Amino acid sequence: MTYQGLLHKYGHLLDLPPHTQTVSLLEGNTPLIQADSLSRQLGGGFELFIKYEGLNPTGSFKDRGMTAAVSEAHGRGATTVICASTGNTAASAAAYAARAGLKSIVLIPQGKVAAGKLAGALAYGAQVIQIDGSFDDALTMVVQITNKHPICLVNSLNPYRIEGQKTSAFEICDRLGSAPDWLCLPVGNAGNITAYWAGFKQYNEVKSTGLPQVLGVQAAGSAPLVLGHPVEKPETVATAIRIGKPARGEQALQAAEESHGRIIAATDEQILHMQKTLATLEGIWVEPASAAGLAGLAIEIGNGTLNPKGKRIVAICTGHGMKDPDIITKDMQKPLIVPPKLEALEEVILG
Ligand code: F0G
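None of the values given here were measured: they were computed from a predicted structure.

Novice: Any chance you could explain the site of the ligand here in plain terms?
Specialist: By nearness alone, 20 residues border the ligand, and Ser85, Asn189, Ala190, Asn192 and Thr318 come closest of all. The contact in question runs from an oxygen atom of the ligand to an N or O atom on the side chain of asparagine 88, over 2.8 Å. Interatomic distance of 2.8 Å between a backbone N/O atom of glycine 188 and an oxygen atom of the ligand. Within the residue set of the shell around the ligand, elements represented by two or more residues are α4 (88-100) and α9 (191-207). Taken together, the residues of the shell around the ligand sort by class into seven nonpolar, eleven polar and two charged. In terms of domain composition, the shell around the ligand takes at least three residues from each of domain 1 (32-59 + 161-329) and domain 2 (62-158).

Novice: Even after reading the chapter, I still don't get the packing of helix α3 (residues 62-75) against α4, so can you show me in this structure?
Specialist: How two helices sit against one another is set out by the angle between their axes and by the gap between those axes. Relative to each other, α3 and α4 sit at 40°, their axes nearing to 9 Å. By the angle between their directions, the pair α3 and α4 is classed as oblique. As α3 runs across α4, the sense of the crossing is right-handed. Packed against α3, whose contacting residues are Lys62, Asp63, Met66, Thr67, Val70 and His74, the element α4 presents Asn88, Thr89, Ser92, Ala93, Tyr96, Ala97 and Ala100 at the interface. The class makeup of the residues in the contact of α3 with α4 is six nonpolar, five polar and two charged.

Novice: When you look at the sheet that holds strand β5 (residues 127-131) in this model, what are you seeing that I'm missing?
Specialist: Sheet strands line up and pair through hydrogen bonds in the backbone, either parallel or antiparallel. Spatial strand order, β5-β4-β3-β6: four strands in an open sheet with parallel pairing. At either margin of the open sheet sits one strand with a lone partner, and together these are β5 and β6 (152-153). Pairing between strand β4 (residues 103-109) and β5: five bridges, direction parallel. The residue of β5 that forms the bridge with isoleucine 105 is glutamine 127. Contacting β3 (80-84), β4, β5 and β6, helix α6 (residues 135-148) runs over the sheet at an angle of about 150° to β3.

How each quantity is defined
Residues numbered from 1 in each chain as written. Predicted model: local features only at pLDDT ≥ 70, side-chain atom pairs only at ≥ 80, totals over all residues. Heavy atoms only, no water. Near = heavy atom within 4 Å. Polar contact = N/O pair within 3.5 Å; in protein donor to acceptor, adjacent residues only side chain to side chain. Helix = DSSP H or I, 4+ residues; strand = E, 2+ residues; numbered from the N terminus. Nonpolar A, V, L, I, M, F, W, Y, C, P; charged D, E, K, R; others polar. Domains from an automatic or database assignment. Axes fitted to C-alpha atoms, helices over the stretch in contact; angles between N-to-C directions. Parallel < 35°, antiparallel > 145°, perpendicular 65-115°, else oblique. Left-handed = near helix turned anticlockwise from the far one by under 90°. Contact = heavy atoms within 4.5 Å. Pairing = 2+ DSSP bridges.

Take it as geometry only, folks, not as evidence of what the structure does.
Here it is in structure tokens:
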């Protein structure tokens, strides 16, 4: 049967009100790609899969939650949606709002949003407002304004976002036949880890698919859940997860504890190294934040604190590399320029 999007496929498992009217871009149904070369590089002896969420319609996993949140808002007659964002939520909200004929307003931290995300939000017609502050400041502001005015909040504080994002856990179980042993993923505002854990628990109840241990990974300069306190001035090259006060921090910690997993930090260097390794070894280019889960896995295996042997591990790669081209191009050597002559090309290639 032709694929008709997440709400069509999994809507019966999601807690959405009856007034919900589907707004879909045929999100979800993303590939689970086996990564044997990377598994070998990390010591081998285990199955590693990449859930490539960058292949969603706007290039990130946010589309899963956004189809649910905007469908609910649309069905109830909302006219405007708003979010704070490090970029991906902004682009996704703008796209789904456009499709539903709603106005979208996005607040982003000034100068800290990757080019592909800002361009997306603008292309889809959002009103983009830069805040001279952090994502956390922007989130506080959108909560305040939606408490005062009839504007629909589509950050992951909106419960329908979590409902939609549970579907990735369902897809993984449907594809593998059961939950993996470990699930590794980046953690920013902590909506996604909350949704995965809820999704795996729900599927386990109805289909006995088992539960994974969850490894959540924050960037070292923005690691409030590892440090145990908010970070006033979060910093990291992984701007998607540059967040100091995660809205669903408690639930993230609970997911880690209940699953007998943990939340750890990876340095920018480790994250960028993994981004490059994944692209050059497997042909999968993800944005820096999206490599954090795998960077954390490499740290745990290297430390001997996670024994992967015989295990099945799924890493969630949340956003496409094209979201943040500058991180690659800013340090690169300019490609060589040769005259349009065969001999010149031969000299360069063959030496
Ligand atoms: N990976 C990417 C690519 C993201 O954009 C985000 C969050 C995360 C991971 C972390 O997910 O917040 O649910 O823990 N981006 C949000 C945004 C904050 O505004 O686009 P989380």
